[in-house]
Structures are given as C-alpha cells and as structure tokens.
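The chain contents come next:
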Protein chains: 2
Amino acid sequence: MMRNYQRVIVAAVLACAMAFASTVAFAADHLLSWNDGPTKKAIVDFVEKVTREGAPEFVPVSERIATFDNDGTLWAEQPMYTQLAFALDRVKVLAPQHPEWKTTEPFASLLKGDVKGALPSGEKGIFEIIMATHAGMTTDEFDQIVKDWVSTAKHPQTGRLYTEMVYQPMLELLEYLRANGFKTFIVSGGGIDFMRPWTEKVYGIPPEQVVGSSIKTQYDEHGGAPVLVRLPELNFIDDKTGKPVGIQSHIGRRPIAAFGNSDGDQQMLEWTAAGTGARLALIVHHDDATREWAYDRKSPIGTLDKAWDEAVAEGWTVVSMKNDWKRIFPFDK
Amino acid sequence: MMRNYQRVIVAAVLACAMAFASTVAFAADHLLSWNDGPTKKAIVDFVEKVTREGAPEFVPVSERIATFDNDGTLWAEQPMYTQLAFALDRVKVLAPQHPEWKTTEPFASLLKGDVKGALPSGEKGIFEIIMATHAGMTTDEFDQIVKDWVSTAKHPQTGRLYTEMVYQPMLELLEYLRANGFKTFIVSGGGIDFMRPWTEKVYGIPPEQVVGSSIKTQYDEHGGAPVLVRLPELNFIDDKTGKPVGIQSHIGRRPIAAFGNSDGDQQMLEWTAAGTGARLALIVHHDDATREWAYDRKSPIGTLDKAWDEAVAEGWTVVSMKNDWKRIFPFDK
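Because the structure is predicted, anything quoted here is derived from the model rather than measured.

1. Description of the overall build of chain A
The helix and strand tally for chain A stands at 14 helices and 7 strands. Computed over its C-alpha atoms, the radius of gyration of chain A comes to 22 Å, within 12% of the 20 Å expected for a compact globule of 333 residues. Each principal axis of the C-alpha distribution contributes one length, and for chain A these read about 80 × 55 × 40 Å. Sorting the 333 residues of chain A into buried and exposed places 53% on the buried side. Of all intrachain contacts in chain A linking residues separated by at least 6 positions in sequence, the fraction that spans at least 24 positions is 65%. Total accessible area computed for chain A in this model is approximately 15,000 Å², and 56% of it derives from carbon and sulfur atoms.

Given below as structure tokens:
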C-alpha cells in the first residue's frame, strides 16, 4: 500500500508526464486526414529537418514563420468568395437606407436577385459593393456585423456555416506546425477585418497574425468616446506582388513555409522559396469534383495557371485534394 | 537510503517543480529597479486583477495586449532621436556617391557638420534626409545596414551603444508582463524597419510585434532573385492619431495596457483606456536631469504637454523617472 506522500509524488509525476506528452506531438498524431505518399512525406521531412537541433538546416523557433492563403487554401471559395456572399447579404440589409440603389447599378440588379447582371461591371462594381458594405461604420461595429453574419449565414450548396467549409487536412497541418514551434499566419487577398473576427476560433490564428487587404481607418470621437471609422478608401491590396509586401509590413521577416492555391499566391511562394536554407512552398490543387470542386487554369475564381507552371518548374509541393486528402471537410464521414 | 526508482521520482518532481516555478513568476522577482510606491502598485494591481482567474476583471491570455512607444519610453531620445543620428551618419557614408549634395540643402550643411543649419528646413529637410538614406535598397540590404550601425554607433554623450541606452525598469516591466501572459508590442513613430533588426535581442520583442512608420516597398527581381525594394515614398506615419490606426492594422484588437512618454502617444493611451474592463495607461515623465534628461512641455523632442494634462484629468499613471526608478540604464550602478 502506498503511503500518502508516495501518492502525491506519483500524482505529480503523472501530471508532469502528461504535460510533457501534450507538447511532444509528432506527425503521426496530427496529419490524420492526409494519405501517406510523397506530399505528406515532403511536409513531414521539411518539418523534421528544420526542427532537429544540430541538423544543418535547423531553424530557431523565432524564425519558424508559416504563411497561409485563406480562400481556396484554408476554406472553400466556390461558387463565390465568401466575402462577396457577405457583401451581397449586406446590400439587402442596407437597401432600405439607400432608396437610390433601386435605380443605381450594380445595386439595382443585385436587389432583383440578379448577381450575374450586377457583376459584369467587374472590378469597379465589386469595389462599389465592398465600399458600400464595408465602410461607414466603426471598427467595433464592423467586427460585430461580421461575427453575427458568420454565425448564421449558410453555404448555398452544402447548407453548412461558411466556417464549417474549412479543410480538415489544413486544420491538422496548422496544428502540426504549431506543435513544432511554428507561428502560423494568414496572408490573404481577402479583407483583413472580415477574417479577424473568427480566425482565432476556427483556425487558432489570432487577429495579430492575420494579413489581408484593407481600407483606411480614421481616429475620431463619437459622443466623447474614441472610435476608428472605416473609410470608403482602399488602403492595401494583399494579392499577387502585394503578398510579399504585406508579409514584410506585418511580419517583418521571410516565411520558411508558405501555402496557397492560386496565381494570387505565386509571389508569396517565390519569396518564401528564395530564402536560404530549407523551404516549403506548397500549392493546394482543387481536383476533386466529387467531394469539393475541380478548377484550375480557366477558373475566374482561384485561377491556378502560372503558379502551377512555376510549381512544376521549381519543384514546389502540389497537393492533389483528390489523392492526398482522406477527408475534405470536418463534417465529411 | 533511497532506492533507484525513488531517486528517479524525486528528480522528476524536482524538475517539474522548477519548471512550474519559472512560469509562476510575480512582481517581487521582476520589478527590481522600481521603487515601492503608488506607481509600482498601480502596475502590479492591474496585472494581478486581469490575471486572477474568476476575478470580475479577468482577461484571457489572448487578449492581454500591451503596447509600448519606443523613443523616450523604452530607450533614450536625447539629444536627438537615434534614427536621426543614424540618418546623419548614412548621409556621410553615402556622400561620395552624391557629389550634388555638396551644393544642395539640407545635405550641404550636414556635410559641413552643421546639423542645426540643416534642420531649420524642418519636416521637409528631415523627410529628404530620411528618403535619401532609407530608400533605394532592398529590405534585406537595409536590415544589414541597420544591424551594422547599431552594433557600432555610440551615443554622443555617454559613449554607450544606442542599444544600451534602454531603460532597465522598462525591460523589467516587459518581462513581468510577458511572464503574466501578455503579448508585448512596440507602437512607435519611428521607422518600423529601423527597429525590427534589433528589438528581439534588446527587448525580447520579435519583428512581427513591432508597429511603426513606414515607406512603401515594391516586389521586384534582381538577377532572377525576388527582392523587395524600398521606395522613396511615405506609406504610413505611426504617430498621434496614427497610433490607434497602426494598432488596428497590425494587431487588430485594442490593447488593455499602453505605455508612452509624449503627446505622440496621447491617442494610443486614449484608445487603450476607453476599452471596457481594467485598463492601464501609463506615461513616463522625464524629470531626472542628473541621471537622464529633464524635459516635457517645451521640449521639441518628446513634447509632453496635452497628454500630461489628459493623464492628470483621467487618472492615468505617471512615472517619475527621478522618484520611481532606482536605476535608469542597465549600466548604471
């Protein structure tokens, strides 16, 4: 029979052992939704190489920066970017305050339910819709609007919350990298303030590790209280050549691993791959028409053309969603 | 005599106890250079309040954001901002490549050693000096230039490296906050890329937690390799009303504690103090002419006038360097 002090010691040792075990977590525990094969091996080899102390390609924890595109890399982007679905919903909500929209494009077509009629005006039309729905309120107000929307809005084809339309293998990859001392960042063409209200809960990525496109804000006072007002003026486009610029601005050092799915990510992957030492540049290829969508070179959303050619030429890792992933979404069986 | 397995258990328990002890670190261990009194008490009371689980003002770790001004708050800013000393040194180094500077102000006066003659052109002159010395190279090149400079340049009055001219009590405060789960950020009017090469080593603040003023950069290729080129074009001024804007852009949530020393920090302190729950807004007052410098309302560098009035009116914490700090610099006895 154990004496009391022995019980205490055993309990303390068990607690400590469990604490250690939870921090020493390796690939086998993490990448459960990845099929074995060259893609998973490329990821695990890279992580083991840069985390092995004394190895020639060892990277100190502070430099283990990994950047992830969002639309099409961490969550679905078909049949339209989620942020555009948000903007269209907001146009409907705000319409009663804007009687002039009934006769002004692109709003008139939208309000008649004719999205295709509204968007041929292309970038200009989208710009107007974004500014009409994303500016004119305080940052705190916009944060709440986004939180309310993502907690209720459903994907038109699956009926799932948009925040459920995330890729299970990528969630595991984020966790795996963090368990190995990486700091994970989002670097997206999407709006920075559209992502921040939910990325911590959904991806474990806090607001300060989200980089994205932005409009300008202005410090002001409302009824004696300081506020930041969102202005209808572009500040920064975090896409294509903007991604390395956004990385430099927000992170201030070059990632050693970067993850994307489209030509919008090409320069981020180039910038990452061009650093010295071990590097991981990875592209998610949407080639699973059954479980998700299949699209690449000719798709207007998530075009993967030049970045794919460069991936092949440079030996970047290309994920086949069809062959490399056991599951796509967390709700898949 | 202990048996072997007992030895192992005791060793394990000791190791664990030490690991716990090192994370459970309180004020007594940290704020050694702070005199006891109402200022130190205000800091410790705030930290204990927001970290005590179950307390009404408890703040989860992810929201424990603390922002620090740099010039005059973490390191000395007299007799001139360190970044200006850097720029003046760079003008001398670059002069042989710019024969036209011999006859163009503000460079001509500078090269004759007449700083006061160069700077009456004021903001315009400083702007030209900054652009001539901070732009036109890649981000990697500039990083190296700054690293080389801070490793050799000496303060004109103390003969110390500029990175030694940091405030020992503030280093302890940074550590104390981090030991209590805070994420510490710099939010400075100084150049973001002038600070990032050394803040991790000097303050324990990594590049991605530095917010500052910036010029634009452009993604380009030099000899087949991707580079980011620094352009002679302003991007953002992180001062006064710009500080809450910079915080929103880089951090994406409101700090619960903010630390400054001048009118340039007033809006950051307002923005921080206006949040709900416990808040700490603190101003360092330079009132020690013997051990450092004494200056406030009338000083052109580090003007402390309106922010001081607001501090008194709003009950913010004001540090007297003379009375609250046992030591100023790490090299002080």
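Text resumes after the structure shown.
2. Remarks on the interface of chain B and chain A
Every contact between the two is made by 40 residues of chain B and, on the other side, 40 residues of chain A. At the boundary of chain B with chain A, total buried surface from both sides reaches about 3,200 Å², with 56% on carbon and sulfur atoms. For the interface between chain B and chain A, the tally reads 8 salt bridges. The shortest N-O distance in the salt bridge between B:E208 and A:R253 comes to 3.4 Å. Linking chain B to chain A there are 22 residue pairs in polar contact (both at pLDDT 80 or more). If you list the elements that add at least two residues to the side of chain B that touches chain A, you get α1 (4-23), α8 (139-150), β2 (183-191), α10 (192-203), β3 (210-222), β4 (225-236), α11 (242-250) and α12 (266-273) of chain B. In terms of residues, the side of chain B that touches chain A owes the most to one element, α1(B), which gives 7 residues.

3. Some points on empty space enclosed by the protein
For the coordinates displayed, the defined rule picks out 2 cavities of 30 Å³ or more. Of the volumes computed, that of the largest cavity is approximately 40 Å³. Elements that contribute at least two residues to the lining of the largest cavity include exactly α4 (82-94), β2 (183-191) and α10 (192-203) of chain A. Per-element tally for the lining of the largest cavity: the top contributor is β2(A), with 3 residues. Empty space within the second largest cavity amounts to approximately 30 Å³. Around the second largest cavity sit B:N70, B:D71, B:W75, B:Q83, B:G190, B:F194, B:M195 and B:W198, which together line it. The greatest single-element share of the lining of the second largest cavity, amounting to 3 residues, is contributed by α10(B). In terms of residue class, the lining of the second largest cavity is made up of 4 nonpolar, 3 polar and 1 charged.

4. Some details on the nonpolar core
Counting 55 residues, the largest nonpolar core has B:F46, B:F68, B:M170, B:L173, B:Y203, B:F259 and B:W325 as its most contacted members. When residues of this core are assigned to their parent elements, the largest contribution, 6 residues, is made by helix α9 (residues 168-179) of chain B. Not counting residues up to four positions away in its chain, the partners in contact with B:W325 are B:S33, B:W34, B:N35, B:Y167, B:P169, B:M170, B:V284, B:R291, B:V319 and B:S320. A:V59, A:W75, A:L173 and A:Y203 belong to the second-largest nonpolar core, a separate cluster that totals 54 residues.

5. Observations regarding the sheet that holds strand β5 (residues 257-260) of chain B
Residues and elements named next belong to chain B. Pairing in this open sheet of 7 strands is mixed, and the strands run β4-β3-β2-β1-β5-β6-β7 from one edge to the other. In this open sheet, the two strands that pair with only one neighbour each are β4 and β7 (317-320). Across the sheet, the mean angle from the axis of one strand to that of its neighbour is 30°, orientation sign disregarded. Judged from the 3 bridges that link them, strand β1 (residues 65-68) and β5 form a sheet pairing that is parallel.

6. Here we look at the sheet that holds strand β1 (residues 65-68) of chain A
All names here are of chain A. Reading across the sheet, the 7 strands line up as β4-β3-β2-β1-β5-β6-β7 and stay open at both edges, with mixed pairing between neighbours. Strand pairing shows two members of the sheet lacking a second neighbour, β4 (225-236) and β7 (317-320), which therefore form its edges. Neighbouring strand axes in the sheet, compared pairwise and without regard to direction, differ in orientation by 30° on average. Summarising the sheet, strand β3 (residues 210-222) and β4 pair through 8 bridges and their orientation is antiparallel. Paired with H222 across the two strands is A225, which belongs to β4.

7. Examining the relation of the copies chain B and chain A
Of the transformation superimposing chain B on chain A, the axial component is 0.0 Å and the angular component is 180°, with the fit at an RMSD of 0.0 Å. The symmetry that links the two subunits is that of a two-fold axis. Interface residue correspondence from chain B to chain A reaches 98%, placing this contact among same-surface, isologous pairings.

8. Describing the side chain of A:K40
All names here are of chain A. In this structure, K40 sits in helix α3 (residues 38-51). A residue is classified by how much of its surface remains accessible, and K40, at 15% relative accessible area, is buried. Once you skip the residues sitting within four places of it in the chain, K40 turns out to touch L31, W34 and N35.

9. Observations concerning helix α13 (residues 306-314) of chain A
All names here are of chain A. Those residues of α13 that sit buried are A307, W308, E310 and A311. Across the axial projection of α13, the buried residues extend over an arc of 165°, all falling on one side. Residues K306, V312 and A313 are exposed on α13 and point more than 90 degrees away from its buried face. Where α13 is buried, its residues meet α12 (266-273), β6 (280-285) and β7. At the C-terminal side of α13, G315 shows a positive phi close to 75°.

10. So, unusual backbone geometry
Omega for the peptide link from A:Q78 to A:P79 comes to 0°, which places this bond in the cis form. The step from B:E105 to B:P106 runs through a cis peptide bond, and the omega angle for that step is 5°. Looking at the element boundaries, B:P106 is found in the loop between α4 (82-94) and α5 (107-111). Of note in this structure, B:K240 is not a glycine but carries a positive phi near 50°. With respect to the helices and strands, the residue B:K240 is situated in the loop between β4 and α11.

11. Considerations on a nonpolar patch on the surface
Residues and elements named next belong to chain A. Together, F127, L234 and I237 make up an exposed nonpolar region whose accessible area comes to about 260 Å². Residue placement: L234 occurs in strand β4. Exposure remark for L234: the relative accessible area of 39% places this residue in the partly exposed category.

12. Concerning the packing of α10(A) against α11(B)
With their axes 10 Å apart at the nearest point, α10(A) and α11(B) run at an angle of 65° to one another. Judged by residue contacts, A:I192, A:D193 and A:R196 of α10(A) engage B:Q248, B:S249 and B:H250 from α11(B). Residues of the contact of α10(A) with α11(B), tallied by class, amount to 1 nonpolar, 3 polar and 2 charged.

13. Structural notes on the packing of aromatic side chains
In total, this model carries 30 aromatic pairs over all chains according to the counting rule given. Summarising the aromatic geometry, the rings of B:W149 and B:Y162 are spaced 5.1 Å apart at their centres and angled 20° between planes, so their arrangement reads as stacked. Of the two residues, B:W149 sits in helix α8 while B:Y162 sits in the loop between α8 and α9, which places them 13 residues apart along the sequence. Grouping aromatic residues by their ring pairs yields a cluster made of A:W34, A:Y167, A:W325, A:F329 and A:F331. Above the plane of the ring of A:W271 lies A:R254, whose end atom (NZ or CZ) is 3.7 Å from the centre.

Conventions and cut-offs
- Residues numbered from 1 in each chain as written.
- Chains lettered and ligands numbered in written order.
- Predicted model: local features only at pLDDT ≥ 70, side-chain atom pairs only at ≥ 80, totals over all residues.
- Heavy atoms only, no water.
- Helix = DSSP H or I, 4+ residues; strand = E, 2+ residues; numbered from the N terminus.
- Rg over C-alpha atoms; globule rule 2.2 N^0.38 Å.
- Buried < 20%, exposed > 50% of the residue type's maximum accessible area, 1.4 Å probe, protein only.
- Contact = heavy atoms within 4.5 Å.
- Areas by Shrake-Rupley, 256 points an atom, 1.4 Å probe, with all protein chains shown as cover.
- Buried area = accessible area lost by both parts, 1.4 Å probe.
- Salt bridge = Lys/Arg side-chain N within 4 Å of Asp/Glu carboxyl O.
- Polar contact = N/O pair within 3.5 Å; in protein donor to acceptor, adjacent residues only side chain to side chain.
- 1 Å grid on protein atoms, 1.4 Å probe; cavity = no way out; pocket = protein on both sides within 12 Å on 5 of 7 lines; lining within 4 Å.
- Points joined across faces, edges and corners; volume = space filled by probe spheres on them.
- Nonpolar A, V, L, I, M, F, W, Y, C, P; charged D, E, K, R; others polar.
- Core = buried A, V, L, I, M, F, W, Y, C linked by side-chain atoms within 4.5 Å.
- Pairing = 2+ DSSP bridges.
- Axes fitted to C-alpha atoms, helices over the stretch in contact; angles between N-to-C directions.
- Least-squares fit on C-alpha atoms with pLDDT ≥ 70 in both.
- Arc of directions from axis to C-beta.
- Patch = residues over 30% accessible without salt bridge, like charges linked within 9 Å, V, L, I, M, F, W, Y side chains within 5 Å.
- Phe/Tyr/Trp six-rings, centres within 6.5 Å; stacked < 30°, edge-to-face > 60°.
- Lys NZ or Arg CZ within 6 Å of the ring centre and 35° of its normal.

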